2 protein chains.
Amino acid sequence: MRAKAYQDKLDIKNGCVDLSHGSGGRAMAQLISGLFHEAFGNEWLARGNDQSAFDVRAGRMVMTTDGYVISPLFFPGGDIGSLAVHGTVNDVAMAGARPLYLSASFIIEEGFRFSDLKMIADSMGEAARAAGVYIITGDTKVVERGKADGLFISTTGVGVLPDGLDLSAEKARVGDRVLVSGSLGDHGVAIMSKRQNFAFETEIVSDSAALYDLVAEMLAAGGGGIRAMRDPTRGGLAATLNEIAHQSGLGFRLQEEAIPVKPAVLAACELLGLDPLYVANEGKLVAIVAPEIADAVLAAMRANPLGRDAADIGEAVDDDHQFVQLSTSFGGGRIVDWLSGEQLPRIC
Amino acid sequence: MRAKAYQDKLDIKNGCVDLSHGSGGRAMAQLISGLFHEAFGNEWLARGNDQSAFDVRAGRMVMTTDGYVISPLFFPGGDIGSLAVHGTVNDVAMAGARPLYLSASFIIEEGFRFSDLKMIADSMGEAARAAGVYIITGDTKVVERGKADGLFISTTGVGVLPDGLDLSAEKARVGDRVLVSGSLGDHGVAIMSKRQNFAFETEIVSDSAALYDLVAEMLAAGGGGIRAMRDPTRGGLAATLNEIAHQSGLGFRLQEEAIPVKPAVLAACELLGLDPLYVANEGKLVAIVAPEIADAVLAAMRANPLGRDAADIGEAVDDDHQFVQLSTSFGGGRIVDWLSGEQLPRIC
């Protein structure tokens, strides 16, 4: 993301992105300096190079990437910018690593309004500062009208692992507890409600949030007893636990009444024909932990505002079929399978 | 990029991407394991986590990102996959850093053919292996038909800097030589020719290539005398030298007859109404070097197949206007300004 202010300021109020803003010339430099550097402001971007350098100490780092194609771009509780920061720092954090630096690649449709782009960039900058990370390098491409849907963002995050920490789903053991950090389905239902223009009595707000502080507090409380963590984004809790089941070779047995779902989200799910277990979250995590530390970790989670509604929802069991099973309060049960079709497009 | 083969193989010959391949469920896992892991195959992806970890030694690292929206996706000399590897490893290499790891974020339009996606993924895998880097983490999103143009890829690269190396345009001094590693304009003209269905006597082929080995040989020959390197991609040599001029506060004076341009590229540029100085390259670099080491660096460049046609094309001069000037063989001159409009959309 090279830039300096080489000419007049952008007309952010009335202007739009055109193809010249992706051409490598003066207009692109102007867009980058006038809008992105302004929003992300840090010493790395100010140098104006195509890459940024940072110091590392000897150890292990993690790297992760996500593309964001959410529609609509603005939704209750966030926008594509804050989501592109939270989603990626959370994937770093799920390894137990401290997120440090992000890159951001913007693919913009010709005609996109500067004012919207500025709101999104400002929101990214704010989310990054709140999460303690820096957006140190980036790229902007512009495609012709009709060749993209407004704006897509891909962010990549790097972070550092504490010495010796190696969380992985393979480490799950029979008897391990399954903890979730709060209510499920908020993000996906917020997006779907906005998309369908539903007005509920209570506005449903995305849970989009950066989870590293919560993770650090859980690690401090649980130490080596934490086997694995995942953020149940696309495909929701169902996809996440099925993945962990396949990676670990175990099954899971969950107690339906222990799974936190907000009444408004449950009501909206009934209206929309959705199952909250399959709906994306962007500010929640699932942790598989040794039974002897489960209470301590749960207490640490509940002490953090982002884990206030944390719950122990079930356990890992021996199961050659690697099924995720749900026991209902009526004594019945069902298998929570992978979603085989497509439930919610462009939720993240 | 989570995955394991949870069900039947993809029908790569006849199948297409649909929205379920981006939904976080079984179809997505199948696409990732059956196509991307197959092509990129490495131990990191095999673990199936949302992030990958690697060891680092104490020192400095660099990070860079680029989005690729090139149209058409396949062109003489490469495709969007090889380009997405070369472009990003080159941005790492331009800092003098050894590229190590890449992430890849795919945004795919519904209906995109598996067979095309496989060719592109295979090409990425091959380019990565040739460049000595690993694609260790990724993401796949699918958008509805008409909401993207086939396929967009964003890659992010990290690499390690040799101790004490800090290349930067600010280090340029009056009298420094400007070296280019070979003929200009090949990539952009290859794309435009393909796009316009032009048939020239000689097929013009993209120069897309990974440049780290060349960079390492230049550093070995030139040591601390190399001030800065850039790959003249979008906006071509003109944009790159104008950027360096602004960063360093100097001007540049180039000798037109010293600038290598292939006759076929020059002819195509005349036909297409393009100036080769503004046309993107994807396998070339510009280096600003101290005059006393210029000949040694040039010799090192010419000893590498990717620098065979390297040339010394001019020098840095004192100029408050920070102009890039071209002296023609007739004794005349002109200013090579920034491109102010948009010349070549979606060339990378």
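An unreviewed UniProt entry annotates chain A as Hydrogenase expression/formation protein HypE of Bradyrhizobium jicamae. In its Sequence similarities (unreviewed entry) section, UniProt records this for chain A: "Belongs to the HypE family."

Please provide a residue-by-residue account of the packing of aromatic side chains, values included.
Across all of its chains, the model carries 13 aromatic pairs over all chains by this definition. Ring geometry for B:W44 against B:Y134: centres 5.2 Å apart, planes inclined by 50°, an arrangement best described as tilted. On the criterion of sequence distance, the pair formed by B:W44 in helix α2 (residues 43–46) and B:Y134 in strand β6 (residues 134–143) is long-range, its members being 90 residues apart. When its relative accessible area of 42% is taken as the criterion, B:Y134 is described as partly exposed. The rings of A:W44, A:F54, A:Y101 and A:Y134 are connected pair by pair, giving a single aromatic cluster.

Help me get a handle on the interface of chain B and chain A, residues and values and all.
On the chain A side, the residues contacting the 82 residues of chain B number 82 residues. Counting every contact that joins chain B to chain A gives twelve salt bridges. Notably, a salt bridge pairs A:K141 with B:D66, separated by 3.8 Å at the nearest N-O pair. Viewed at the interface, chain A and chain B are joined by 43 residue pairs in polar contact (both at pLDDT 80 or more).

I'd like a rundown of the UniProt feature "domain: PurM-like N-terminal" (unreviewed entry) in chain A, residues and numbers included.
Taking the numbering used here, the UniProt-annotated feature "domain: PurM-like N-terminal" (unreviewed entry) corresponds to residues 49–160 of chain A. Helix makes up 29% of residues 49–160 of chain A and strand 46%. Its end C-alpha atoms lie 24 Å apart.

Report on the domain arrangement of chain A, specifying residues and quantitative values.
Residues and elements named next belong to chain A. Partitioning chain A into domains gives domain 1 (19–160) and domain 2 (169–335). In total, about 1700 Å² of surface goes out of reach between domain 1 and domain 2, with carbon and sulfur atoms giving 63% of it. When the buried surface of domain 1 facing domain 2 is broken down by residue, P76, N90 and M94 rank first, second and third, together holding 35% of it. The interface formed by domain 1 and domain 2 includes zero salt bridges. Counting residues per element, the ones that place at least two in the side of domain 1 that touches domain 2 are β3 (74–75), α3 (80–93) and β5 (98–109). Ranked by the residues each element gives to the side of domain 1 that touches domain 2, the list is headed by α3, at eight residues. The class makeup of the residues in the side of domain 1 that touches domain 2 is twelve nonpolar, seven polar and three charged.

Pulling in residues and values, what's your account of helix α1 (residues 26–40) of chain A?
Residues and elements named next belong to chain A. The end-to-end C-alpha distance of α1 is 20 Å, a good match for the 21 Å that 15 residues give at a rise of 1.5 Å each. Remark: the principal bend of α1, roughly 30°, maps to S33. Most of α1 sits out of view: 13 of its 15 residues are buried.

Please give an account of the sheet that holds β6(B) that cites residues and values.
Here we have five strands laid out as an open sheet, ordered β1(A)-β2(B)-β7(B)-β5(B)-β6(B), and mixed in their pairing. Of all the strands in the sheet, just β1 (52–56) of chain A together with β6 of chain B have a single pairing partner and so form its edges. On average, adjacent strands in this sheet sit at an angle of 20° to one another, irrespective of strand direction.

Parameters and conventions
Residues numbered from 1 in each chain as written. Chains lettered and ligands numbered in written order. Predicted model: local features only at pLDDT ≥ 70, side-chain atom pairs only at ≥ 80, totals over all residues. Heavy atoms only, no water. UniProt positions renumbered as here; feature names shortened; annotations may be inferred. Phe/Tyr/Trp six-rings, centres within 6.5 Å; stacked < 30°, edge-to-face > 60°. Helix = DSSP H or I, 4+ residues; strand = E, 2+ residues; numbered from the N terminus. Buried < 20%, exposed > 50% of the residue type's maximum accessible area, 1.4 Å probe, protein only. Contact = heavy atoms within 4.5 Å. Salt bridge = Lys/Arg side-chain N within 4 Å of Asp/Glu carboxyl O. Polar contact = N/O pair within 3.5 Å; in protein donor to acceptor, adjacent residues only side chain to side chain. Domains from an automatic or database assignment. Buried area = accessible area lost by both parts, 1.4 Å probe. Nonpolar A, V, L, I, M, F, W, Y, C, P; charged D, E, K, R; others polar. Expected span 1.5 Å × (residues − 1). Bend = angle between axes of the 7 residues up to and from the residue. Pairing = 2+ DSSP bridges. Axes fitted to C-alpha atoms, helices over the stretch in contact; angles between N-to-C directions.

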